[in-house]
Amino acid sequence: MIGDRIEVNIAGGLDIALPRMVHVRQKFQTRKLDSVTRAVAEQFKRPEVRAKVKPGMSIAVGCGSRGINNIAECAKAVVAELKALGAKPFIFPAMGSHGGATAEGQREVLEGYGIVESYVGCPVRATMEVVELGKLEDGMPVYMDKFASEADAVVVIPRIKPHTNFRAPIESGIVKMLTIGMGKIIGATTLHTYGMDMFGELLPKTAKLILARKNVLFGVAMVENAADETAIIEIVPSDQIFEREPVLLARAKELMPRLQFDEIDVLVVEKIGKNISGSGMDPNITGRNCRFIEWNMKPLVKKIAVLGLTPETHGNATGLGAADVITMRLYQEIDIAKTYANIIASTYLDGAAIPMIMNTDEEAIRLAVKTVVRMKPQDTRIVRIPNTLEIMDIHVSEPLLPVVKANPSMFEIVGQPEAMKFDAKGTLYPMLAKHREHATA
């Protein structure tokens, strides 16, 4: 059993010279919406949208577990527009096995994003009960949230973005929320037993059965820019999902940020969590993917040190297995039950594997640097990020400055070289000048 501290004999010790770090700003497209509420209102003016909503209709509005910027404001605006058309909406969690796979846990996740009755203006109804809608040709059952199945109609509010573990015309978005999110833990588990490499074909098949059996009105698709801000809101009617979602995914990929280096020796990630990515930290950013799929994303990262969990993840440490070293602080933050529920449903058990644990941030970073082969510690190419959503403002080590200076269209040097700063307990001082604070409500 691991206690509060680990004593280990490291050959040569960790008293090594670390390179100085420099605050650098990456340059991306960052055009955003002026007002999420106005954008939703404009979308509801479309005749084909308004025609789907009938007075008196009960409408289940699905929201997920991701930390989508402005999600609470968007949900509130959707609810207001539905009510203005005479409907009776309620919110339900459409997040598969997340929140510890309990109704209360899923409600808690939504509350963490500001999605509460007093703010959004309608009830929030959470259950893990499902109904079976039918079976695919091979006999696979298709499930749906019980409360949503009893409503007259369904609307979902997803973010459209590249998935972390498969490539297809449709990845994370409306179809995924309808199938995995709305299917709760039993639906998510059933789909994952086929393997994520089958999702590109399987999820659309499942969604088509759901659309044939239930009155899904539309998806309120949200797309973010490289600064993790709302760039696009588009209501996609159910009969246009398979036409429009690939177009919005392509746009999301154009807007998505990345770490603009070919190789990184050590990537320091301050926090991971389910609000950041389904994988805790997004492989589209880290370049590291452990799945058996075609993956040629850059950068090539040799070592990843993860220092902590986000508060919004509520102890769900899914994805920590992709790190090489973590801190004792992170280890002690892990909620095993919530993490295992999510990981077991995904079928990819390595996502919960415990990396090497070091006592402090400083020890974790020094170990990662020390174990990069054929590289002197002071020459190590280090990149430090708050998380894989916020990567405009980053810190890079001096050995990466030639790349930064050679690409002024991609980078701006903001600060001066400084040594990494740790407090007396070995905790890394937080990064400053982040591009924004996460808004929940």
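Placed above this text is the structure.
These numbers were taken from a predicted model, which means no experiment stands behind them.

1. Here we look at the packing of aromatic side chains
Part 1 of the argument: For the structure shown, the criterion picks out two aromatic pairs.
Part 2 of the argument: With a centroid separation of 5.8 Å and 85° between ring planes, the pair formed by phenylalanine 44 and phenylalanine 218 is classed as edge-to-face. Remark: phenylalanine 218 occurs in strand β7 (residues 216–224) and phenylalanine 44 occurs in the loop between α1 (36–43) and α2 (47–50); sequence separation between them is 174 residues. Both residues of the pair, phenylalanine 44 and phenylalanine 218, belong to the buried class.
Part 3 of the argument: Plain terms: the ring middles of phenylalanine 261 and phenylalanine 411 are 5.0 Å apart, the flat faces sit at 25° to each other, and that makes the pair stacked. Separated by 150 residues along the polypeptide, phenylalanine 261 in the loop between α10 (241–255) and β9 (263–272) and phenylalanine 411 in strand β15 (residues 411–413) bring together distant segments of the chain. The pair formed by phenylalanine 261 and phenylalanine 411 is uniform in burial state, with each residue classed as buried.
Part 4 of the argument: The lysine or arginine in question, arginine 125, covers the ring of phenylalanine 147, its NZ or CZ lying 4.2 Å from the ring centre.
Part 5 of the argument: Between the NZ or CZ atom of lysine 208 and the centre of the ring of phenylalanine 242, over which it lies, the distance is 5.1 Å.

2. Concerning the pairing of strand β14 (residues 393–397)
Taken residue by residue, a regular strand's side chains alternate between the two faces of the sheet.
Part 1 of the argument: Counting buried residues along β14, five of its five residues qualify, which places the element largely inside the surrounding structure.
Part 2 of the argument: Side chains Asp393, His395 and Ser397 of β14 all project onto a buried face; the interleaved residues Ile394 and Val396 project onto the opposite face, where all are buried too.
Part 3 of the argument: The pairing of strand β1 (residues 21–26) with β14 spans five bridges and is antiparallel. Residue valine 22 lies in a different strand from β14, and its bridge partner there is valine 396.
Part 4 of the argument: Relative to β14, strand β13 (residues 382–385) runs antiparallel, the two being bridged by two bridges.

3. Notes on helix α14 (residues 361–370)
Part 1 of the argument: Most of α14 sits inside the fold, with eight of its 10 residues counted as buried.
Part 2 of the argument: Residues Asp361, Glu363, Ala364, Ile365, Arg366, Leu367, Ala368 and Val369 constitute the buried set of α14.
Part 3 of the argument: As for α14, its buried residues are in contact with β9, β10 (300–309), β11 (325–327), α12 (328–333), β12 (356–358) and β13.

4. Some details on the pairing of β7
Part 1 of the argument: Most of β7 sits inside the fold, with nine of its nine residues counted as buried.
Part 2 of the argument: Two elements, strand β6 (residues 153–157) and β7, share three bridges in a ladder whose sense is parallel. Among the inter-strand pairings, valine 156 is bridged to a residue of β7, identified as glycine 219.
Part 3 of the argument: Where β7 and strand β8 (residues 230–237) come together, seven bridges link them in antiparallel fashion. Looking at β8, one finds that valine 223 is bridged to isoleucine 232.
Part 4 of the argument: The turn linking β7 back onto β8 is made up of five residues, and aspartate 228 within it adopts a positive phi angle of 65°.

5. Quick word on the sheet that holds strand β3 (residues 88–93)
Part 1 of the argument: Across the sheet, which stays open at both edges, the five strands sit in the order β3-β2-β6-β7-β8 with mixed pairing between neighbours. Where the open sheet ends on each side, the last strands, each with one partner, are β3 and β8. Going across the sheet, the axis of each strand differs from the next one's by a mean of 20°, ignoring polarity.

6. Quick look at the environment of isoleucine 343
Part 1 of the argument: Considering the arrangement of structural elements, one finds isoleucine 343 in helix α13 (residues 336–346).
Part 2 of the argument: Among the residues examined, isoleucine 343 registers a relative accessible area of 4% and is labelled buried.
Part 3 of the argument: For the pair isoleucine 343 and glycine 319, spaced 24 residues apart in sequence, the C-alpha to C-alpha distance is 8.7 Å.

7. Notes on the nonpolar core
Part 1 of the argument: One finds Phe92, Val154 and Met182 to be the most contacted residues of the largest nonpolar core, which totals 44 residues.
Part 2 of the argument: Ranked by residues supplied to this core, first place goes to helix α9 (residues 199–213) with six residues.
Part 3 of the argument: In contact with valine 154, other than residues within four places in its own chain, are Ile59, Ala60, Phe92, Met144, Ala148, Met182, Asn215, Val216, Leu217 and Phe218.
Part 4 of the argument: Counting 39 residues, the second largest nonpolar core, distinct from the first, contains Val40, Leu82, Ala87 and Ala153.

8. Notes on the sheet that holds β9
Part 1 of the argument: The strand order across the open sheet formed by eight strands is β12-β11-β10-β9-β13-β14-β1-β15, and the pairing between neighbours is mixed. A single partner strand is all that each edge strand has here, and the edge strands are β12 and β15. Neighbour-to-neighbour, the strand axes of this sheet turn through a mean angle of 30°, independent of strand direction.
Part 2 of the argument: Sheet topology note: the β1/β15 ladder contains three bridges and is antiparallel. By the bridge assignment, glutamine 26 is partnered in β15 with phenylalanine 411.

Thresholds, definitions, all that
- Residues numbered from 1 in each chain as written.
- Predicted model: local features only at pLDDT ≥ 70, side-chain atom pairs only at ≥ 80, totals over all residues.
- Heavy atoms only, no water.
- Phe/Tyr/Trp six-rings, centres within 6.5 Å; stacked < 30°, edge-to-face > 60°.
- Helix = DSSP H or I, 4+ residues; strand = E, 2+ residues; numbered from the N terminus.
- Buried < 20%, exposed > 50% of the residue type's maximum accessible area, 1.4 Å probe, protein only.
- Lys NZ or Arg CZ within 6 Å of the ring centre and 35° of its normal.
- Pairing = 2+ DSSP bridges.
- Contact = heavy atoms within 4.5 Å.
- Axes fitted to C-alpha atoms, helices over the stretch in contact; angles between N-to-C directions.
- Core = buried A, V, L, I, M, F, W, Y, C linked by side-chain atoms within 4.5 Å.

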